[in-house]
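One letter stands for each residue in the lines below.
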Amino acid sequence: MRYLVLTDIHANLEALEACLSDAAARGYQRALVLGDLVGYGADPNDVIARVRALDPLAIVRGNHDKVACGLEPAEGFNAVARSAARWTFDVLTPEYRAWLAALPQGPHAVDTLVEICHGSPFDEDAYIFDELDALRALKAAVRPLCLFGHTHYPATFELSDGAFDSIGPAVTAESFITLEDGSRYLVNPGSVGQPRDGDPRAAYAIVDVEDQRVELFRVFYDVEKAQTKVVKAGLPDVLAQRLGVGR
Ligand code: ZN
């Protein structure tokens with residue numbers, strides 16, 4: 001089994017399509033979606049349609065999904081995120097608003113190897129940046145490989161024989177993590193639609209269960225087209241600008 005792993009698409013259709021065609025060439029059977037399908041980008045309805053067409057084996061909601069469909073207030077959001085959430089709520093079709101509202105909360109155990117969550121396995125909205133939170137997440141995880149998103153920052157944390165290791169984002173177009181028996185892993189593939197690690201390329205992963213391997217990819221996409229749509233939609237300009245620098 002090869003799982004396609006997508007997180008933090010954020011209504012960026014160009015980035016999503018680029019990842020999907022790259023992944024199709026590499027081969028996968030089922031998709032796992034880790035939340036934040038919408039918010040920030042200009043194509044929430046098209047992105048939801050595309051994700052639904054994938055018929056994901058597992059999907060969990062993100063904080064932006066909850067706010068954009070009206071399930072939660074935008075109180076914790078900054079002004080830009082709040083304004084994007086309001087815009088998204090208005091343009092979403094009632095059917096997709098209801099679909100977002102019904103998305104399950106993480107964490108979710110997919111099989112005996114993999115579990116998925118949006119923020120962390122102990123709190124769907126918690127950000128895992130530092131090693132303390134990563135260790136807490138590794139201990140809370142119920143599967144050897146816990147996939148997460150939310151920070152938009154690719155990262156791998158490994159707990160092996162009591163030794164803790166942290167591996168930052170890969171600078172190349174692809175990198176592989178071999179999963180050792182008895183070790184535990186916490187992996188964020190990075191964001192499809194709004195990378196924040198200084199690399200504007202879209203990020204996604206494939207998990208090969210038989211080969212015990214996580215494959216991490218970065219893909220060029222039509223950033224300018226996505227930026228133009230953001231500006232045309234009347235979303236805050238800064239949301240277009242940050243796509244260009246990946247911050
Ligand atoms: Zn996000």
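We now turn to the structure provided with this report. In this text, all values refer to a predicted model and were calculated from it rather than measured experimentally.

**Quick notes on the packing of helix α2 (residues 44–54) against helix α5 (residues 94–101)**
In the contact formed by α2 and α5, the axes pass within 11 Å of each other and the chain directions differ by 60°. Judged by the inter-axis angle, α2 sits oblique to α5. Read as a crossing pair, α2 and α5 show a hand that is left-handed. Facing α2, whose interface residues are N45, I48, A49, V51 and R52, α5 presents E95, Y96, W99 and L100.

**So, the sheet that holds strand β11 (residues 202–208)**
Whether parallel or antiparallel, the strands of a sheet pair through hydrogen bonds between backbone atoms. Across the sheet, six strands lie side by side as β3-β2-β1-β11-β12-β9; this open sheet has mixed pairing. What marks the edges here is a single partner per strand, and that holds for β3 (58–59) and β9 (174–178). In terms of strand pairing, β9 meets strand β12 (residues 213–219) through five bridges, oriented antiparallel. Bridge pairing links S175 to L216 in β12.

**A word on the sheet that holds strand β4 (residues 108–109)**
The six strands are arranged β4-β5-β6-β10-β7-β8 in an open sheet whose pairing can be described as mixed. Both outer strands of the open sheet, β4 and β8 (163–167), are each paired with one neighbouring strand and no more. Here five bridges tie strand β7 (residues 155–160) to strand β10 (residues 184–188), and the two strands are oriented antiparallel to one another. Within β10, the position partnered with F157 by the bridge is L186.

Reading the values: rules and limits
- Residues numbered from 1 in each chain as written.
- Predicted model: local features only at pLDDT ≥ 70, side-chain atom pairs only at ≥ 80, totals over all residues.
- Heavy atoms only, no water.
- Axes fitted to C-alpha atoms, helices over the stretch in contact; angles between N-to-C directions.
- Helix = DSSP H or I, 4+ residues; strand = E, 2+ residues; numbered from the N terminus.
- Parallel < 35°, antiparallel > 145°, perpendicular 65-115°, else oblique.
- Left-handed = near helix turned anticlockwise from the far one by under 90°.
- Contact = heavy atoms within 4.5 Å.
- Pairing = 2+ DSSP bridges.

Shape descriptors only; they carry no functional weight alone.
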